[in-house]
Amino acid sequence: MHVHINTCLRPEISVVPFSYRRKPGQFFSKITWNTVCRPACLDLHDNTGQASSPGLRYKTWSFQVIEKMRSDEVGERSFQDFPVSSSYETAMEALSSLIYCQKRGDKSSIDGITKGRYGKLERMHIYLKMLGLEEQIAGLKIIHVAGTKGKKFLLQGSTCIFCEAILRECGFRTGLFTSPHLIDVRERFRIDGLDISEDKFLQYFWDCWNQLKEKIMEDLPMPPLFQFLTLLAFKIFTCEKVDVAIIEVGLGGMRDSTNVIKEPLVCGISSLGMDHTEVLGKTLAEIASHKAGIFKPQIPAFTVPQPSEAMDVLQKRASNLMVPLEVVHPLDPEKLNGVKLSLSGDHQFINAGLAVALCRCWLRRTGKSKELFESSSSDLPEEFLRGLSTAYLSGRAQVVHDTSEEISYGDLIFYLDGAHSPESMEVCAKWFSSTVKEENISSSSSSSGNEKVKELWSNCAAQHGKQNFVGSERTSKQVLLFNCMDTRDPKALLPQLVNTCASSGIHFSKALFVPSMSTYNKVTSGATVMPTDCSTKDLSWQFTLQRIWEKIMHGKDATLEDNPNKYNPESLTFDGSLYGDFPQRCNPSDRHFACSAVIPSLPLTIKWLRDSVKENPSVRVQVLVTGSLHLVGDVLKLLRR
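The rules behind these values
- Residues numbered from 1 in each chain as written.
- Predicted model: local features only at pLDDT ≥ 70, side-chain atom pairs only at ≥ 80, totals over all residues.
- Heavy atoms only, no water.
- Helix = DSSP H or I, 4+ residues; strand = E, 2+ residues; numbered from the N terminus.
- Buried < 20%, exposed > 50% of the residue type's maximum accessible area, 1.4 Å probe, protein only.
- Contact = heavy atoms within 4.5 Å.
- Areas by Shrake-Rupley, 256 points an atom, 1.4 Å probe, with all protein chains shown as cover.
- Pairing = 2+ DSSP bridges.
- Axes fitted to C-alpha atoms, helices over the stretch in contact; angles between N-to-C directions.
- Phe/Tyr/Trp six-rings, centres within 6.5 Å; stacked < 30°, edge-to-face > 60°.
- Expected span 1.5 Å × (residues − 1).
- Polar contact = N/O pair within 3.5 Å; in protein donor to acceptor, adjacent residues only side chain to side chain.
- Salt bridge = Lys/Arg side-chain N within 4 Å of Asp/Glu carboxyl O.
- 1 Å grid on protein atoms, 1.4 Å probe; cavity = no way out; pocket = protein on both sides within 12 Å on 5 of 7 lines; lining within 4 Å.
- Points joined across faces, edges and corners; volume = space filled by probe spheres on them.
- Nonpolar A, V, L, I, M, F, W, Y, C, P; charged D, E, K, R; others polar.
- Arc of directions from axis to C-beta.

## Here's the deal with the overall build of the protein chain
So, point 1. For the protein chain, the helix and strand inventory stands at 20 helices and 17 strands.
So, point 2. Taking all 641 residues of the protein chain together, the buried fraction comes to 56%.
So, point 3. By sequence separation, contacts in the protein chain at least 24 residues apart represent 78% of the contacts at least 6 residues apart.
So, point 4. With the model as given, the accessible surface of the protein chain reaches about 27400 Å², and the carbon-plus-sulfur share is 49%.

Structural data, given as structure tokens:
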């Protein structure tokens with residue numbers, strides 16, 4: 001059977017370019033695409049070329065056909081009649097080929113290939129012309145946001161998330177481009193608040209990929225990963241006809257791939273801090289200069305209170321370009337009318353204040369603000385309140401209860417945050433400390449007869465088919481699960497974390513140092529099978545982290561085994577170290593590290609945590625996962641499986 005897809009009108013849902021079974025034993029033998037934007041008409045032909053139902057409109061019956069195709073053993077796909085490029089994993093392999101640096105901080109080899117003939121932004125403009133997107137992106141109504149990703153839970157990302165949710169609640173079709181992703185690259189592209197579907201991603205991906213492959217030259221190769229993803233975002237948003245595109249800067253601003261945007265409706269710069277100094281400079285002034293590079297002549301811009309060193313640079317750049325730059329103060333909680341921000345932490349009031357200002361300006365410049373701000377009241381519209389209370393950012397201040405069948409609900413809880421700078425680590429520690437203290441107080445109240453809390457926990461347990469132990473006496477223990485890239489400074493990160501938690505009365509019973517499963521030079525999906533063999537894993541960096549931890553705990557350098565890079569399974573025996581008075585059990589001089597361990601893989605780590613909980617049913621284990629977004633994404637991937 002031959003499927004012909006005519007992209008003439010906007011469909012109800014998009015067509016899947018996979019070999020989904022029409023019914024057991026049957027596959028479409030061929031798929032042809034007329035690729036413009038959104039597929040609308042679908043004709044089915046059998047192998048003789050005759051139309052099964054000529055003239056049937058796709059949107060009339062696509063739901064029944066496509067959903068039937070998906071439901072008929074959707075997990076089994078046959079590629080005997082299809083090019084391998086139809087598969088999602090093949091798309092991930094193609095994306096991985098665009099990573100020209102083997103590790104973070106390496107200089108991209110593309111500069112050598114182009115022989116200095118083209119700068120990054122010049123290349124981006126050429127790629128846009130190749131894809132026929134240069135005029136189309138001029139029609140996008142863009143909010144462009146820069147800031148420091150590592151500071152305070154990725155401030156610019158939070159600001160973008162708030163903007164998207166607010167404008168979606170106002171009734172607009174939204175497009176959101178952010179980075180990085182945690183589990184699946186499709187997280188970077190949201191349409192109306194949802195990750196782009198796998199089908200649509202593949203449609204737009206292969207369209208861009210094939211067009212560029214046909215037109216690249218010897219001295220102009222395929223764009224590096226982030227440049228390609230930026231191009232793909234523009235393709236998606238123009239084809240999906242979004243009303244507003246919220247674009248987050250990848251790195252810096254001035255020379256960032258997103259800075260091909262010539263006329264955004266409004267620009268925003270969130271809090272600035274010392275991050276990516278190897279690229280952006282060693283001072284706040286240098287970093288601010290890069291961020292201010294997104295300012296466009298006479299286009300309104302907003303920022304938040306900054307250190308004077310950074311603010312002077314922003315204001316000077318704004319003045320030179322005649323940019324009306326306004327400094328926005330944190331959102332007053334009183335204006336929320338009792339509504340709670342969906343993103344945790346006091347710093348989110350800074351992000352929310354900036355997002356509100358950006359959205360007000362966007363509405364005003366598009367002529368849409370009158371109906372929302374008819375009165376002179378300073379209260380936020382209901383749509384703004386809904387957006388601020390429902391915005392969601394995975395892997396940042398996120399709490400996940402382990403729902404595996406082996407343990408009871410609430411016994412093992414993961415607190416995930418991708419903090420990876422000293423500033424963000426401090427905020428992460430404050431969030432973790434306050435959250436676990438609140439939860440432990442709630443748990444104690446339930447044991448004392450607080451029926452409302454007890455009912456809440458019982459309902460949660462029932463939803464997951466678990467036994468509920470709320471009424472029993474419980475002890476809570478905190479465990480740290482940590483890794484960071486070797487370009488980070490753990491001597492700054494770990495003391496900040498320990499000291500901030502300790503000031504709130506939170507102490508870790510165990511620290512586990514584990515390598516991430518994902519790597520810098522490979523793009524994976526949620527379904528990617530990760531290698532489980534850890535026998536050859538280099539653990540030298542994890543043992544370095546352990547030595548730093550032990551010095552923090554004991555005030556002197558730790559002496560590890562004769563072969564410090566070798567994993568010792570005995571370090572994870574159930575000796576009570578997770579549950580007893582761990583400082584008395586630690587004896588670095590005897591090489592007994594009851595308060596830390598190096599584990600060669602995340603699956604083994606999760607298994608050990610679950611086994612620990614099963615062995616000690618009276619203990620609730622609260623695990624803080626931090627130091628790396630790669631680590632957070634890998635843990636989420638394992639927990640979802």
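## Remarks on the sheet that holds strand β10 (residues 301-303)
So, point 1. Taken together, eight strands build an open sheet; the order of strands is β7-β6-β5-β8-β4-β9-β10-β11 and the sheet is mixed. Two strands close off the open sheet at either side, each with one partner strand: β7 (194-195) and β11 (325-327).

## Quick look at the sheet that holds strand β17 (residues 619-626)
So, point 1. Strand order in the open sheet made by the six strands is β12-β13-β17-β14-β15-β16, with mixed pairing throughout. One side of each edge strand has no neighbouring strand; the edge strands of this open sheet are β12 (398-401) and β16 (596-598). Averaged over neighbouring strand pairs, the angle between their axes works out to 20° when direction is ignored.
So, point 2. Bridge count for β12 against strand β13 (residues 412-416) is four bridges, and the pairing is antiparallel. Note that in β13 the partner of histidine 401 across the bridge is isoleucine 413.
So, point 3. In this fold helix α17 (residues 540-554) packs onto β14 (475-482), β15 (508-513) and β16, with an angle of close to 170° to the strand it touches most, β16.

## What about the packing of aromatic side chains?
So, point 1. Applying the stated criterion across every chain yields a total of 17 aromatic pairs.
So, point 2. On the numbers, 5.9 Å between centres and 70° between planes, the contact of tryptophan 209 with phenylalanine 228 is edge-to-face. Here tryptophan 209, found in helix α7 (residues 198-215), pairs with phenylalanine 228, found in helix α8 (residues 225-239); they are 19 residues apart in sequence, far enough to count as distant. For the pair formed by tryptophan 209 and phenylalanine 228, the shared burial category is buried.
So, point 3. One aromatic cluster is present, built from ring pairs that chain together Tyr88, Phe177, Phe189, Phe201, Phe205, Trp206, Trp209, Phe226 and Phe228.

## A look at helix α19 (residues 602-615)
So, point 1. Under the 1.5 Å per step criterion, the end-to-end length of α19 is 20 Å for 14 residues, consistent within 8% with the ideal 20 Å.
So, point 2. Taken together, the buried positions of α19 are Leu602, Thr605, Ile606, Trp608, Leu609, Arg610, Asp611, Ser612 and Val613.
So, point 3. Structurally, α19 contributes buried residues whose contacts are with β13, β14, β15, β17 and α20 (629-640).
So, point 4. Where α19 starts, the residue carrying a side-chain oxygen 3.3 Å from the main-chain nitrogen of leucine 604 turns out to be serine 601.

## Quick notes on the pattern of salt bridges
So, point 1. According to the stated counting rule, one finds twelve salt bridges in the structure shown.
So, point 2. Aspartate 184 serves as the salt-bridge partner of arginine 186, at 3.4 Å between the closest nitrogen and oxygen. Of the two residues examined, arginine 186 and aspartate 184, each falls in the buried class.
So, point 3. Within the structure, one salt-bridge network assembled from shared partners comprises Arg173, Asp192, Lys200 and Glu240.

## What about the side chain of serine 518?
So, point 1. Considering the arrangement of structural elements, one finds serine 518 in the loop between β15 and α17.
So, point 2. Here serine 518 falls in the buried class, since its relative accessible area comes to 15%.
So, point 3. Separated by 3.3 Å, the side chains of serine 518 and histidine 630 make a polar contact.

## What about the layout of surface pockets?
So, point 1. Roughly 820 Å³ of internal volume is contained in the second largest pocket.
So, point 2. Lys340, Leu343, Ser344, Gly345 and Trp431 are, among the 25 residues lining the second largest pocket, the residues nearest its centre.
So, point 3. Secondary structure elements with two or more residues in the lining of the second largest pocket: α12 (348-365), β12 and α14 (422-447).
So, point 4. In terms of residue count, α14 provides more of the lining of the second largest pocket than any other element does, six residues in total.
So, point 5. Classifying every residue of the lining of the second largest pocket by side-chain character gives eleven nonpolar, eight polar and six charged.

## Quick notes on helix α4 (residues 120-131)
So, point 1. Counted at 1.5 Å a residue, the expected span for α4 with its twelve residues is 16 Å, and the 17 Å between its end C-alpha atoms agrees.
So, point 2. When we look at burial in α4, the residues that qualify are Arg123, Met124, Tyr127, Leu128, Met130 and Leu131. Looking down the long axis of α4, one finds its buried residues gathered within 155° of arc, a one-sided arrangement.
So, point 3. Looking one or two residues past α4, glycine 132 carries a phi angle of roughly 70°, positive in sign.

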